[in-house]
Amino acid sequence: MPQRRDVSSVDAEDIPSERVAAVVEPSADLLDRALVGWERFLDTLQGASDE
């Protein structure tokens, strides 16, 4: 009968011996779009205080 393996277990051989640091930076386009959205949001707050 095959041995039952717990799905949540991790074998030592499955773990990489070296750590890899992932560097993820947003693109310039994403930053530009975020800035436009942030400025639009701030404009709605300023408009609400004038009313």
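Just so you know, these numbers come straight off a predicted model, no measurement behind them. (Residues numbered from 1 in each chain as written. Predicted model: local features only at pLDDT ≥ 70, side-chain atom pairs only at ≥ 80, totals over all residues. Heavy atoms only, no water.)

S.K.: So what exactly am I meant to see when it comes to the packing of aromatic side chains here?
M.R.: Counting across every chain of the model gives one aromatic pair. Centroid distance Trp38 to Phe41: 5.5 Å. Interplanar angle 35°. Geometry classified as tilted. With Trp38 and Phe41 both in helix 1 (residues 28-50) and three residues apart, the pair spans about one turn of that helix. Taking the relative accessible area as the measure of exposure, Trp38 reaches 49% and is therefore partly exposed. (Phe/Tyr/Trp six-rings, centres within 6.5 Å; stacked < 30°, edge-to-face > 60°. Helix = DSSP H or I, 4+ residues; strand = E, 2+ residues; numbered from the N terminus. Buried < 20%, exposed > 50% of the residue type's maximum accessible area, 1.4 Å probe, protein only.)

S.K.: How should the pattern of salt bridges be read in this particular structure?
M.R.: Here the idea is simple: oppositely charged side chains can pair when their charged atoms come close. Enumeration according to the criterion identifies one salt bridge in this entry. Arg33 is paired through a salt bridge with Asp29; the nearest N and O atoms lie 3.5 Å apart. Of this pair, Arg33 and Asp29 both sit in helix 1, four residues apart, which is roughly one turn of the helix. A relative accessible area of 47% places Asp29 in the partly exposed class. (Salt bridge = Lys/Arg side-chain N within 4 Å of Asp/Glu carboxyl O.)

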